[in-house]
Amino acid sequence: MRQGASTECSRRKDKKARQKTRVVYTMMSRLVCRSTFMFLTGVKAKRLRNLMKHYKDNGPCLRMRNRGGRKNNTKCQPLDDTNRVTQFIKNYAEDNAVSLPGRVPGFKRDDILLLPSSTPKSEVHRLFVASCDEGGFRPVAISTFRKLWASLLPFIVVAWPMTDLCWICQANNHRIFRGASLDDQEKQELLMEQQLHLSRVEERVLYRSMTAQSKMVVEQQQIISLGPNRLCSKDITSHYSFDFAQQVHLPHSPYQPGPIYFLTPRKVGIFGICCEGLPQQVNYLIDEGASSTKGSNAVISYLHHFFDQCGLGESEVQLHCDNCAGQNKNRYVLWYFAWLVMTGRHRSVTLNFMPPGHTKFAPDWCFGLLKRTFRKNEVHSLQELSDVVRRSTPVKKANIPQVVATENGQTLVKTYNWQEFFSAHFRTLNGIKKIGHFRFSAENPGSAFHRKTLADEETEFRFVGDPEEALLQLDDVPALIPPPGLSHERQSYLYRNIRPFVRLEARDILTPDPDA
């Protein structure tokens, strides 16, 4: 934009002073009209006139705004305050923060310094104010303190409260935290030890790769939901994860009455099997009266029902679970997967155990959605709990309920005595707790290839000497385990103490009269 002070006309000899300013608009050394200039610069007509007036009166200089309000007489020197704040935070982090090698859960950066979660930024500001009072300096407000921290020191953060953490990681972090006064050599050794532990935890990479492969298979096959499919009917590979959730109590109300806090309502267990490829999870709701056991018999029965009624019909299956010896990591579960391959239900089965402390996976995500919806609703029966599970993910329908047995004892998912079924024909592998990966293949029926870590070589172990002879001696399915039901004493307790807190129409379902 340029202006001319006098008129420019070739026919006149005398130039007159302009009464109105003439403006020429240019963009990238090219003449443009006023409308095009306003459109390209995003300037409206009023603002353009003000700029032209300021340029005519003052020339090419910045416009100074006169803001309203009273003047701030307590304005401090920004540079001194900034240096004082940043130096205090650095010194505090050097004494109290933990420097972790590798990626930290919940944070994208790997060079951060973690302050304890028990010390928020407001507490650090109070310590800063106390130090300024002792030194005779005027402190900054907490809002300025937070802004300077966020803009200049983003790598110093306050840790979030976390659950299910690895004990080795916690011990190493505690040693690093307490070793702030050690010399550089000892600090380096502690960091190397923690880095070595994190490098060994490669099962997370394996889990992510398997889930990504399962999603690709589901997209290629255009599978939209779980459903009954004939076992080994599709030449695909599927990945599943299974785990128990913390049990819930019925009745439940978001406005919990005070007296029920000291009582024991009716318990309902939850066992989830998640297909990460879709993703969808079947949640088995186990009433207190239907819970014969929480051990291997129950886990295998629910897995058997899932493969028969909810599987994708895959020929190769990959599984992940935690290291709970009483539920997942025991000889009966291994014998069951060997039996699946021997009977032709699957061509291969891969069983992988998550390392202790690093067991967060897809079932926990579904359980979290379920519990979040459960806390906000009134639930007075298993049917209402099923509706809550179904409504916890209304868009993708990721949570699918499956009641094991109703309150009156009607069995919907049968529990079999797998322990007695396998014990007479299968051998025991010693040292199962130290092994992290198992593979069962139809090319070697009755055998399992195992290794402790992904870096180790596989070792074969035969569970059955002659698979064909063992199958001839085994029945088609094990013997049933009937649901134990509730004892008369427990029914009387629920009827006497819990019944007043149950909705009227659900009292005879959840807390019936034991003597009726």
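Parameters and conventions
- Every chain begins its residue count from 1, and numbering advances along the sequence as written.
- Local features in this predicted model are restricted to residues of pLDDT 70 or higher, and side-chain atom pairs are both shown and tallied only at a pLDDT of 80 or more, whereas totals for entire chains, interfaces and linings draw on every residue.
- Derived side-chain values reflect all non-hydrogen atoms in the structure, with water molecules and hydrogen atoms excluded from consideration.
- Each helix is a run of H or I in the DSSP string that is no shorter than four residues. Each strand is a run of E no shorter than two, and both are numbered from the N terminus.
- It only takes one pair of heavy atoms within 4.5 Å for two residues to be counted as in contact.
- Where accessible areas are quoted, they stem from the Shrake-Rupley method and a 1.4 Å probe; at the residue level, only the protein chains shown are allowed to cover.
- What a helix should span is 1.5 Å times the count of its residues minus one.
- Three exposure classes are used, based on accessible area relative to the maximum for each residue type with a 1.4 Å probe and protein chains only: buried under 20%, partly exposed in between, and exposed over 50%.
- For this quantity, the arc is that covered by the directions from the helix axis to the C-beta atoms.
- By salt bridge we mean one thing: a side-chain nitrogen of Lys or Arg within 4 Å of a carboxyl oxygen of Asp or Glu.
- A 3.5 Å cut-off defines polar contacts: any pair of N or O atoms within that distance qualifies, except that in protein one atom must be a possible hydrogen donor and the other a possible acceptor, and neighbouring residues in sequence count only when both atoms are side-chain atoms.
- The pLDDT score gives, residue by residue, the confidence of the prediction method on a 0 to 100 scale.
- In this scheme, strands are said to pair when DSSP sees at least two bridges between them.
- Lines fitted to C-alpha atoms define the axes here, with helix axes fitted over just the stretch in contact, and angles between the N-to-C directions of these axes take values from 0 to 180 degrees.
- Aromatic pairs are defined between Phe, Tyr and Trp rings, using the six-membered ring for Trp, whenever the two ring centres lie within 6.5 Å; interplanar angles under 30 degrees are classed as stacked, those over 60 as edge-to-face, and all others as tilted.
- Both a distance and an angle decide whether a charge sits over a ring: NZ of Lys or CZ of Arg must be within 6 Å of the ring centre and within 35 degrees of the ring normal.
- Any angle that falls under 35 degrees is termed roughly parallel, while one over 145 is termed roughly antiparallel, one within 65 to 115 roughly perpendicular, and all others oblique.
- The handedness criterion is simple: a crossing whose near helix is rotated anticlockwise from the far helix by less than a right angle is left-handed, and one whose near helix is rotated clockwise is right-handed.
- Nonpolar residues are Ala, Val, Leu, Ile, Met, Phe, Trp, Tyr, Cys and Pro. Charged residues are Asp, Glu, Lys and Arg, and all others, Gly as well, are polar.
- Note on patches: the residues involved have over 30% relative accessible area and no salt bridge, like charges join within 9 Å, and the nonpolar side chains Val, Leu, Ile, Met, Phe, Trp and Tyr join within 5 Å.
- In this tally Asp and Glu are treated as negative and Lys and Arg as positive; neither His nor the chain ends contributes.
- By convention, the point assigned to a charge is CZ for Arg, NZ for Lys, CD for Glu and CG for Asp.

(A) Up close: the overall build of the chain. In terms of helices and strands, the chain carries 16 helices and 15 strands. Contacts in the chain between residues at least 24 apart in sequence constitute 68% of all its contacts with a sequence separation of at least 6. Only carbon and sulfur atoms are counted for the fraction: they give 51% of the accessible area of the chain, which is about 30200 Å².

(B) Representation of helix α2 (residues 45-58) within the structure. In this model α2 runs 20 Å from its N-terminal to its C-terminal C-alpha over 14 residues, within 8% of the 20 Å that 1.5 Å per residue would give. Of all the positions in α2, only Leu48, Met52 and His54 are classed as buried. Buried residues of α2 fall within an arc of 165° about the axis and therefore sit on the same side. Turned more than 90 degrees off the buried face of α2, the exposed positions are Lys46, Lys53 and Asp57. Of the residues trailing α2, Gly59 is marked for its positive phi of about 85°.

(C) Spatial organisation of the pattern of salt bridges. For the structure shown, the criterion picks out twelve salt bridges. With a closest N to O distance of 2.7 Å, Asp235 and Arg347 form a salt bridge. Of this pair, Asp235 sits in strand β7 (residues 234-250) while Arg347 sits in the loop between α10 (331-342) and β11 (348-353); the two residues are 112 residues apart in sequence, bridging distant segments of the chain. Classification of Asp235 as exposed rests on a relative accessible area of 63%. Two residues, Arg503 and Glu384, come together in a salt bridge whose shortest N-O distance is 2.6 Å.

(D) Representation of the environment of Glu420 within the structure. As for its placement among the helices and strands, Glu420 is situated in helix α13 (residues 418-423). Put simply, Glu420 and Pro478 are 58 residues apart on the chain and 7.9 Å apart in space, counted from C-alpha to C-alpha. Within the local environment of Glu420, its side chain forms a polar contact with the side chain of Asn417, the two groups lying 2.9 Å apart.

(E) How the structure looks around the confidence of the model for the chain. Mean pLDDT over the chain: 84, with 85% of residues reaching 70 or higher. Of all the helices and strands in the chain, strand β1 (residues 2-6) carries the lowest mean pLDDT, 54, while strand β9 (residues 280-287) carries the highest, 95.

(F) Up close: the sheet that holds strand β13 (residues 437-441). Across the sheet, which stays open at both edges, the nine strands sit in the order β12-β9-β8-β7-β10-β11-β13-β14-β15 with mixed pairing between neighbours. The strands lining the two open edges of the sheet, one partner per strand, are β12 (399-403) and β15 (459-462). Across the sheet, the mean angle separating the axes of adjacent strands is 25° when strand polarity is ignored. Across six bridges, β7 lies against strand β10 (residues 314-321) in parallel orientation. Across the sheet, Ser241 pairs through a bridge with His320, a residue of β10.

(G) The packing of aromatic side chains, seen in detail. Overall, the coordinates contain 31 aromatic pairs when judged by the stated rule. Between Phe271 and Tyr284, the aromatic rings sit 6.4 Å apart at their centres with planes inclined by 50°, giving tilted as the arrangement. A residue pair is termed long-range when its members are at least 10 positions apart, and Phe271 in strand β8 (residues 266-275) and Tyr284 in strand β9 qualify at 13 residues. The buried category is assigned to Phe271, whose relative accessible area is 0%. A ring pair is formed by Trp339 and Trp418, whose centres lie 5.5 Å apart and whose planes are at 65°; its orientation type is edge-to-face. Separated by 79 residues along the polypeptide, Trp339 in helix α10 and Trp418 in helix α13 bring together distant segments of the chain. Both residues of the pair, Trp339 and Trp418, belong to the buried class. Above the face of the Phe353 ring, Lys329 is positioned so that its terminal group lies 4.9 Å from the ring centre.

(H) How the structure looks around the packing of helix α9 (residues 296-309) against α10. Closest axis-to-axis distance for the α9/α10 pair is 9 Å, and the angle between their directions is 25°. Relative to α10, the element α9 lies roughly parallel. By crossing handedness, the relation of α9 to α10 is classed as right-handed. On the side of α9, the interface is formed by Ser296, Ile300, Leu303, His304 and Phe307, while α10 contributes Tyr332, Val333, Tyr336, Phe337, Trp339 and Leu340. Along the lines of polarity and charge, the residues of the contact of α9 with α10 split into nine nonpolar, two polar and no charged.

(I) Spatial organisation of the pairing of β7. With twelve of 17 residues buried, β7 lies mostly within the body of the structure. As judged from the nine bridges shared by β7 and β8, these two strands associate in the antiparallel manner. By the bridge assignment for β8, Tyr240 is matched with Cys275.

(J) Structural detail: a negative patch on the surface. A cluster of acidic side chains, namely Asp183, Asp184, Glu186 and Glu189, defines a negative patch on the protein surface. Among the secondary structure elements, Glu186 is positioned in helix α7 (residues 184-200).

(K) The packing of helix α4 (residues 121-135) against helix α5 (residues 142-152), seen in detail. Running from N to C, α4 and α5 cross one another at 110°; their axes reach a closest spacing of 10 Å. One element, α4, and the other, α5, form an angle in the roughly perpendicular class. Remark: the crossing between α4 and α5 carries right-handed chirality. Contacts between α4 and α5 involve Lys121, Ser122, Val124, His125 and Phe128 on the former and, on the latter, Ile142, Phe145, Arg146 and Trp149. Classifying every residue of the contact of α4 with α5 by side-chain character gives five nonpolar, two polar and two charged.

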